[in-house]
Amino acid sequence: MTEPTSPAPSDFIRDIIDEGLRANKHEGRVATRFPPEPNGYIHIGHAKSVCLNFGIARQYQGTCNLRMDDTDPLGESMEYVESIIRDVRWLGFDWEDRLFYASDYFEKLYQFAVELIKTGNAYVCSLNAEEVRENRGTFTEPGKESPYRNRSVAENLDLFARMRAGEFADGAHTLRARIDMASPNIVMRDPVLYRVKREPHYRTGDQWVIYPMYDFAHCLSDAMEGITHSICTLEFENNRPLYDWIVERLISGPRPRQIEFARLNLSYTVLSKRRLIELVKKNYVQGWDDPRMPTVTGMRRRGYTPEAIRNFCAQIGVAKNDNLIDVSLLEYCVREDLNEKAPRAMCVLRPLKVVIDNYPEDQVEQFECQNHPQRPELGTRQVPFSRELYIERDDFMEDPPKKYHRLGAGREVRLRNAYVIKYESMVKNEQTGEVVELHCTYDPQTGNATPSDGRKIQGVIHWVSARHAVSAEVRLYDRLFTIEDPGSEEEFLNYLNPASLTVLKTCYAEGSLQNAKPGSPYQFERLGYFNVDLDTQADKPVFNRIVPLRDSWTKIAAGEKKKT
RNA sequence: UGGGGAAUCGUUCAAUGGUAGGACGACGGACUCUGACUCCGUUAAUCAAGGUUCGAAUCCUUGUUCCCCAGCCA
């Protein structure tokens, strides 16, 4: 919607690309890739990377591949592959016929490894995991060379072939790069390239019992796909020398360049796969698509739109600074988009019955209501009005403060799209003291006009005709955690927000919401944006609150409270 | 501690030796049959200390703080 007019984004990565283009690297080609590991659902942090990689491809008329980085069979599955495909598509991106799997390269990668052995750049090491760790040294001390470092090429070739053939147990041997055990960069101390893992792979089955490590597979996958700019997150900066080391030895011609940017952190949530998995597996949320989750599928169910998420990703920018983006920016982007597209409707969340004493018992009037105040092309709908209504409990106070523009003793208020009503009396439950019913009178002149005597009505409240109301369930969501940066806490579960979900089962929606389709967003006037949930039944719609409307009253009320 | 990175309004991104700017937030106001939207305004920053320069967020020096790396994870 805003895309054609929005300026081309600029950041340090695009600067590097521009520079490369000027120097005519890669024959003016730009090729990126989004390389998730299919061992979990993608989240808003991945969305940043998706937007970056696909966005760059679009901007430079290049290509962006979707590649499953599936080199560790543990935890990977087709379910995750499918979810990633669905989510990236939903975000609005297209990789055409370029869906790739690192696992499709296993044979080629094996041949590359053989090549490395032949040139004396790799060897089979028979140290076990613990011994390798001990020999690696520390930050301050160099590592020790493996006793197997100087095996002959022939022996290495033989051993590596037998590793592949399944002659050895897990961990018995590894293939290691012969680099430098004294390197100040620990990544370069003869890193493991292949490990034996007798684990079936979700795609290759038991065809393989050795699997390449990320460092070996990733750079070569990039090279084989002709990737020009391999964009990844900051924690891989230390791995870049290894990336280059491998590619330089095995690939001729133009090589991909790795560029690192800072991953997204979002306030009041966690974005590490490990932690998200824990939330799901231990049932702190109801699944990957729980609307409280920062997963793409969760946000979709919540009712966030792809446009809003893309715009958010554009707003936050790309840099190398560690960041913690305030979730209010995301909410702003969601509201901005939904304000445009969501039709308005009325729904009462916490109902309080109102009887209009001077309104005829059997009378029903239809009020024509605009579906969108700024977009008349979205049309109108008929909303019935009758003697008994529901209003929001919050919209009545027995003894309201001055600035309260709603119903209270002696107060008048506008019913949205309908009459001005005036408070007359209330009925209380004698035991509890709770107000159970209000009696009001209406001013017949005010149907679609301001009062003829010129008096100003400050407040406008939403309402639903009791007789015509549709029973609905509404789910209110709040931030999942109570602290800004739960991701930085080891015991992050201690900071779960116990009130992150509130289920309201006795809500009343206007009749037009009867057949609302799952996935459609509405603005419930004065409340917020709501999405029709998957759990919706024919006779019982279920709505998720996507995000509340900005609310300046709460602040005023808080200020009032302080004064008294 | 060795290596690799990063430090600019509360948050985040920009300024590439020449007026420190935008967005979000916060605060104030206008408008209003949504206390929404919209509009207007205010707030507020160069990690520190030296140096180079007519001029420094930017270049140099010395510090300081934060992040990443010792998986056969990615």
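Residues numbered from 1 in each chain as written. Chains lettered and ligands numbered in written order. Predicted model: local features only at pLDDT ≥ 70, side-chain atom pairs only at ≥ 80, totals over all residues. Heavy atoms only, no water.

Caption draft 1: Inspection of the protein's contact with RNA strand B at higher detail. Among the 67 residues in the neighbourhood of RNA strand B, the closest are listed as T71, T140, R344, Q523 and R526. The sugar and phosphate moieties of RNA strand B supply 61% of its atoms located within 4 Å of the protein. One nitrogen or oxygen atom from the side chain of N238 is found 3.0 Å from a base nitrogen belonging to RNA strand B. D322 has a polar side-chain atom sitting 3.2 Å from a sugar or linking oxygen of RNA strand B. Residue assignment for the surface near RNA strand B shows that the elements contributing at least two residues are α5 (129–135), β6 (192–196), α11 (306–316), α12 (327–341) and α13 (552–563). In the surface near RNA strand B, the residues fall into 23 nonpolar, 21 polar and 23 charged. (Near = heavy atom within 4 Å. Polar contact = N/O pair within 3.5 Å; in protein donor to acceptor, adjacent residues only side chain to side chain. Helix = DSSP H or I, 4+ residues; strand = E, 2+ residues; numbered from the N terminus. Nonpolar A, V, L, I, M, F, W, Y, C, P; charged D, E, K, R; others polar.)

Caption draft 2: Geometry of the domain arrangement of chain A. Domain annotation of chain A identifies domain 1 (12–261) and domain 2 (347–462). For domain 1 versus domain 2, the distance between C-alpha centres works out to 64 Å. (Domains from an automatic or database assignment.)

Caption draft 3: Structural view of the sheet that holds strand β19 (residues 420–428). If you trace the seven strands from one edge of the open sheet to the other, you get β21-β18-β19-β20-β12-β15-β22, paired in mixed fashion. Looking at the sheet topology across the chains shown, the edges are occupied by β21 (460–461) and β22 (463–465). Pairing between β19 and strand β20 (residues 435–443): eight bridges, direction antiparallel. Bridging across to β20, S425 finds its partner in H439. (Pairing = 2+ DSSP bridges.)

Caption draft 4: Quick peek at the environment of D180. Locating D180 in the fold gives a position in the loop between β5 (174–177) and β6. Taking the C-alpha atoms as reference points, D180 and K517, separated by 337 residues in sequence, lie 62 Å from one another. If near-sequence neighbours (up to four positions away) are discounted, D180 is found in contact with R149, M188, R189 and D190. A polar contact of 2.8 Å, which involves the side chain of D180, links it to the backbone nitrogen of A182. (Contact = heavy atoms within 4.5 Å.)

Caption draft 5: Up close: the sheet that holds strand β2 (residues 63–68). Taken together, three strands build an open sheet; the order of strands is β1-β2-β3 and the sheet is parallel. The open sheet has two free edges, formed respectively by β1 (31–34) and β3 (99–101), since each of these has just one partner strand. For this sheet, the mean angle separating the axes of adjacent strands, direction not counted, is 35°. As paired elements, β2 and β3 share three bridges and run parallel to each other. Across the sheet, the residue bridging to R67 is F100, located in β3. Of the strands in this sheet, β1 and β2 touch helix α2 (residues 44–59), which is tilted by about 160° from β1. Seen against the sheet, helix α3 (residues 78–90) touches β1, β2 and β3 and runs at an angle of roughly 160° to β2. (Axes fitted to C-alpha atoms, helices over the stretch in contact; angles between N-to-C directions.)

Caption draft 6: A look at helix α4 (residues 106–118). Here α4 contains 13 residues, and its C-alpha end-to-end distance of 18 Å stays within 8% of the 18 Å for a straight helix at 1.5 Å per residue. Positive backbone phi, approximately 75°, marks G120, located one or two places after α4. (Expected span 1.5 Å × (residues − 1).)

Caption draft 7: Spotlight on the side chain of E510. Note on placement: E510 falls in the loop between β24 (501–509) and β25 (521–524). Reaching out from E510, the side chain makes a polar contact with the side chain of R381 at a distance of 2.6 Å. A polar contact is formed between the side chain of E510 and the side chain of S512, at a distance of 2.5 Å. Those residues in contact with E510 that lie beyond four places of it in its chain are A345, M346, R381, V383, V464 and V470.

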